[in-house]
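# Close look at the chain arrangement
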Amino acid sequence: MPAGSEEWWCLIGRKRRYSEEAQMRRYRILGVIPARGGSKPIPKQNIKSLLGRPLIAYTIVPARECKLLTRLVVSSEDEEVLEVARNYGAEVPFVRPKELADDLSLLTDVVKHAVLEVEKQEGKKYDYVVVLSPTTPLRTTADIDRALRKLIETGADSVISVTKVGSCHPMRMKKIVHDRLIDYVEEEVENMPKKLLPPVYLRNEAIYAVRRDVLVNQNSFKGRISCPYLMPPERSITIDTKMDFQLAEAVMKRMKWKHIKPVVSRRRLLLKKLIRRKG
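Just so you know, these numbers come straight off a predicted model, no measurement behind them.

## Quick notes on the overall build of the protein
Regarding its fold elements, the protein presents eight helices and ten strands. Relative to its 279 residues, the protein shows a buried fraction of 44%. When contacts within the protein are restricted to residue pairs at least 6 apart in sequence, long-range pairs at least 24 apart make up 75% of them. In the structure as shown, the protein presents an accessible area of about 16600 Å², 53% of it carried by carbon and sulfur atoms.

Following this line, the structure appears as structure tokens:
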């Protein structure tokens, strides 16, 4: 193969990409999916059926396909959630303590517990942690890998996924104080046209990628230097209410999900076998 030919440059490019990937993979990166069972707006929200699959499956399957993750674990206090997680290939090496599974529990405490518990079992520390909420089902494998690459390459403390704020811009928001409307943020010009509003970004809860020591020592997902990972609005749907669930379902119906197969739980599988034997 002559040097300088198209084939030669392609080979050089492949070698460089392989070298970069090998360099990235030397880091130990833990993926954590926090999925408690006691959600109130939507009971058992994290395993509620969405297009015939449990909601959490849309996070587990893409995460398992990531090139950079060393290990993927689910943190939950609920045995039913843990069983579904196992069925989709996530690891469940511990059960989350009840005191970290109520409405007032901080996500940083939940993830920190998961990291320390896994490290205690393995006897080794991780370099980075990525938190993937199951209530944001439209992030992709590429999203996770790109966010992690950015975190490692920039040397930042964290990379957090965000989406551009639309009509709910801070300059259009108000507080109500003693039955009076007060600007939440001072407007530069009253009723400024949408196109002239300064760009603002909102965390969409899809990805929190952070240095392990920043999370464990500072109890923070941000740290001092935090970089954005921009995601489009159509893939930034976060499910907190029944209306959010319906919106996600409507959007996702137009997409292909054959790679995420419905999984029958062990209990249902045993029940089917018993029915067949009796028949």
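## Description of unusual backbone geometry
Phi at Lys44 takes a positive value of approximately 50°, unusual for a residue other than glycine. Locating Lys44 in the fold gives a position in the loop between strand E1 (29-34) and strand E2 (49-50). The class for Lys44 is partly exposed, based on a relative accessible area of 31%. In this structure, Asp179 takes a positive phi of about 65° despite not being glycine. Tracing the chain through its elements places Asp179 in the loop between strand E7 (174-177) and strand E8 (180-183).

## Describing the layout of surface pockets
Of the pockets and cavities examined, the largest pocket occupies roughly 660 Å³. Along the walls of the largest pocket sit 24 residues, with Arg36, Leu107, Ser133, Thr135 and Glu205 positioned nearest its centre. Taken together, the elements giving at least two residues each to the lining of the largest pocket come down to helix H4 (107-122) and strand E9 (201-211). Ranked by the residues each element gives to the lining of the largest pocket, the list is headed by E9, at three residues. Split into classes, the residues belonging to the lining of the largest pocket amount to ten nonpolar, six polar and eight charged.

## Considering the sheet that holds strand E5 (residues 128-131)
Either a parallel or an antiparallel arrangement is found when strands of a sheet pair, and the pairing is made through backbone hydrogen bonds. Strands sit in the order E4-E1-E5-E9-E6-E10 across an open sheet of six strands; the sheet is mixed. Each edge of the open sheet carries a strand with a single partner, namely strand E4 (71-75) and strand E10 (226-230). In this sheet, neighbouring strand axes are inclined to one another by 25° on average, regardless of whether the strands run parallel or antiparallel. Relative to E10, strand E6 (residues 158-164) runs parallel, the two being bridged by five bridges. Among the inter-strand pairings, Ser161 is bridged to a residue of E10, identified as Tyr229. Contacts from H4 reach E1, E4 and E5 within the one sheet, and its direction differs from that of E1 by about 130°.

## Some details on the packing of aromatic side chains
For the structure on display, the rule yields three aromatic pairs. Here the aromatic rings of Tyr58 and Trp257 are separated by 5.0 Å at their centres, their planes lie at 90°, and the arrangement is edge-to-face. You can see Tyr58 sitting in helix H2 (residues 57-64) and its partner Trp257 sitting in the loop between helix H7 (242-252) and helix H8 (266-278), a full 199 residues away along the chain. Among the residues examined, Trp257 registers a relative accessible area of 13% and is labelled buried. Positioned above the aromatic ring of Tyr126 is the side chain of Arg28, whose terminal nitrogen or guanidinium carbon lies 4.0 Å from the ring centre. Directly above the aromatic system of Phe245 lies the positively charged group of Lys48, at a separation of 5.2 Å from the ring centroid.

## Points about helix H3 (residues 79-87)
When we look at burial in H3, the residues that qualify are Val81, Leu82, Glu83, Val84 and Ala85. Where H3 begins, one side-chain oxygen reaches toward the backbone nitrogen of Glu80, 2.9 Å away; that side chain belongs to Asp78. Phi for Gly89, located one or two positions after H3, is positive at around 95°.

Calculation notes
Residues numbered from 1 in each chain as written. Predicted model: local features only at pLDDT ≥ 70, side-chain atom pairs only at ≥ 80, totals over all residues. Heavy atoms only, no water. Helix = DSSP H or I, 4+ residues; strand = E, 2+ residues; numbered from the N terminus. Buried < 20%, exposed > 50% of the residue type's maximum accessible area, 1.4 Å probe, protein only. Contact = heavy atoms within 4.5 Å. Areas by Shrake-Rupley, 256 points an atom, 1.4 Å probe, with all protein chains shown as cover. 1 Å grid on protein atoms, 1.4 Å probe; cavity = no way out; pocket = protein on both sides within 12 Å on 5 of 7 lines; lining within 4 Å. Points joined across faces, edges and corners; volume = space filled by probe spheres on them. Nonpolar A, V, L, I, M, F, W, Y, C, P; charged D, E, K, R; others polar. Pairing = 2+ DSSP bridges. Axes fitted to C-alpha atoms, helices over the stretch in contact; angles between N-to-C directions. Phe/Tyr/Trp six-rings, centres within 6.5 Å; stacked < 30°, edge-to-face > 60°. Lys NZ or Arg CZ within 6 Å of the ring centre and 35° of its normal. Polar contact = N/O pair within 3.5 Å; in protein donor to acceptor, adjacent residues only side chain to side chain.

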